[in-house]
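Structural features, examined
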Amino acid sequence: MSPPASRPPVRELFAQRFGRPCAVVARAPGRVNLIGEHTDYNDGFVLPIALGQSTWVAAGPRSDGRMRAWSQSCEIEQTWPLDDWAADRPAPWTGYIAGVATLLRRRGVPLAGCDLAVVSDVPVGGGLSSSAALEVATALALSCVAGATLAPLELADLCRAAEHEFVGVPCGIMDQYASVLARADCALLIDCRARAWEHIPLKLGEYVILVVNSGVRHDLAAGVYAQRQRECRQAADLLRSLQPGVAGLRDVDAATVERHAGRLGTVCAARARHVTSENARTIAAAEALRRNDLETFGRLISASHASLRDDFEVSCVELDRLVEIVGNVPGVLGVRLTGAGFGGCIVALVPRGSVPAVEEAVRRQYDAEGYGPARVLVAHPGAGASIVEGRRVGNFGQ
Ligand code: GLA
């Protein structure tokens, strides 16, 4: 993967495509989660960073109640009635845009139609939140075109609701919050129950955050994601019946899970063990970052992988192999799968000078063994979404 591109010529592409200037350009980044996996929908803690890789949306208003979207990567233009996306059955990627437009209108935003040009360098299907980047950039562009201002959390919640309703993915809040709220050179600690967050400065010194895209995505990913949510709810329900006051797995500690492991059964006990230990690790990781203790941070990252593999069971052969290969490169402080699992990316804390050795090891082992090809990316912790041209230019994370 190449480093993040500087701003692409999205305004020029809009003008070429639609024969008029755009009114607004918005940008929203992808994200990589450092630690706190499968905890967001359990009311827990997550610690993502935004990437430099982003989605840019150029937009110009229409008044005829129609939406028209062109995506550079799909090389396709699609049109549909603003209030009836399903009727014209456009390509699935337009569901993110239609969802956001519909939910904005439901909130009373006076959108009367829009032309949109979409350009992105967030890898699609790699678990780096290309969906959230598209939703957030679209929501910012459409609200700006319609003269509305949404508060950051309203915007993030609306995007997540659009993904639930129009794309059918029951995601937690992490991706949209990270895309909206992130700040450059900081990790974003989110308390997903309180909807509170803290920017923690990243002082990585000689280290870099390395993302390696495994190049695989297993079909069962979506089904297993929903299944894990059900298992976590079941575990929380059982624990609530044994210990009043448990609203979710967030309210339970490791000792409680072990005390009730027999009643929970093997599967629910394992899922609860992951969520409770991952919450503790995420809080400890944030503390380690605050005192700049990268070795502890790295150990927690690696422990997270073991827990995701053994207790939450969302890893796969390819991710385990990548984690093993990268973890064996001298000097690497920690490595784990990141995102929902079953493919996508791993994230590692690597000495800057060892990046070529990691690339070489991945090529000679992972790729040569017939997996992949994997792609290596040095992550530059970037800023959250912003309107880069048009009214109300600005950045939420600042
Ligand atoms: C996906 C979801 C997130 C989160 C992660 C797992 O990326 O979109 O909300 O649940 O999986 O941590």
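Residues numbered from 1 in each chain as written. Predicted model: local features only at pLDDT ≥ 70, side-chain atom pairs only at ≥ 80, totals over all residues. Heavy atoms only, no water.

For the rest of this paragraph, the subject is the site of the ligand. Surrounding the ligand, one finds Arg 31, Glu 37, His 38, Asp 40, Tyr 41, Cys 171, Gly 172, Met 174, Asp 175, Tyr 225 and Ala 340. Contacts to the ligand include Arg 31, whose side-chain N or O atom sits 3.0 Å from an oxygen atom. In the environment of the ligand, an oxygen atom lies 2.6 Å from a nitrogen or oxygen atom belonging to the side chain of Asp 175. Look at the ligand: alone it shows 310 Å² of surface, and the protein chains cover 93% of it. (Near = heavy atom within 4 Å. Polar contact = N/O pair within 3.5 Å; in protein donor to acceptor, adjacent residues only side chain to side chain. Areas by Shrake-Rupley, 256 points an atom, 1.4 Å probe, with all protein chains shown as cover.)

Now for the domain arrangement of the chain. Parsing the chain into structural domains produces domain 1 (10–201 + 382–395) and domain 2 (207–379). A C-alpha centroid distance of 26 Å is found between domain 1 and domain 2. Each partner contributes to the interface: domain 1 provides 33 residues, whereas domain 2 provides 42 residues. Here domain 1 and domain 2 share an interface that buries about 2,900 Å² over both sides, 63% of which is from carbon and sulfur atoms. A per-residue breakdown of the area domain 1 buries against domain 2 is headed by Ile 35, Glu 37 and His 38, which together make up 22% of the total. Linking domain 1 with domain 2 are 4 salt bridges, by the criterion used here. In this structure, the salt-bridge partner of Arg 290 is Glu 198, at a minimum N-O distance of 2.9 Å. Linking domain 1 with domain 2 are 18 residue pairs in polar contact (both at pLDDT 80 or more), by the criterion used here. A class-by-class count of the residues in the side of domain 1 that touches domain 2 yields 16 nonpolar, 10 polar and 7 charged. (Domains from an automatic or database assignment. Contact = heavy atoms within 4.5 Å. Buried area = accessible area lost by both parts, 1.4 Å probe. Salt bridge = Lys/Arg side-chain N within 4 Å of Asp/Glu carboxyl O. Nonpolar A, V, L, I, M, F, W, Y, C, P; charged D, E, K, R; others polar.)

Before going further, it helps to spend a moment on the pattern of salt bridges. In a structure, side chains of opposite charge can pair up when their charged atoms sit close to one another. What the rule picks out here adds up to 30 salt bridges. Between Arg 228 and Glu 231 there is a salt bridge whose closest N-O contact spans 3.2 Å. Of the two residues, Arg 228 and Glu 231 both sit in helix H7 (residues 221–242), 3 residues apart, roughly one turn of that helix. Residue Arg 228 shares its accessibility class with Glu 231, and that shared class is buried. Where Glu 313 meets Arg 271, a salt bridge forms, and the shortest distance between an N and an O atom there is 2.9 Å. One end of the pair, Glu 313, is in the loop between helix H10 (294–310) and helix H11 (317–327); the other, Arg 271, is in helix H9 (residues 261–290), with 42 residues separating them in the sequence. (Helix = DSSP H or I, 4+ residues; strand = E, 2+ residues; numbered from the N terminus. Buried < 20%, exposed > 50% of the residue type's maximum accessible area, 1.4 Å probe, protein only.)

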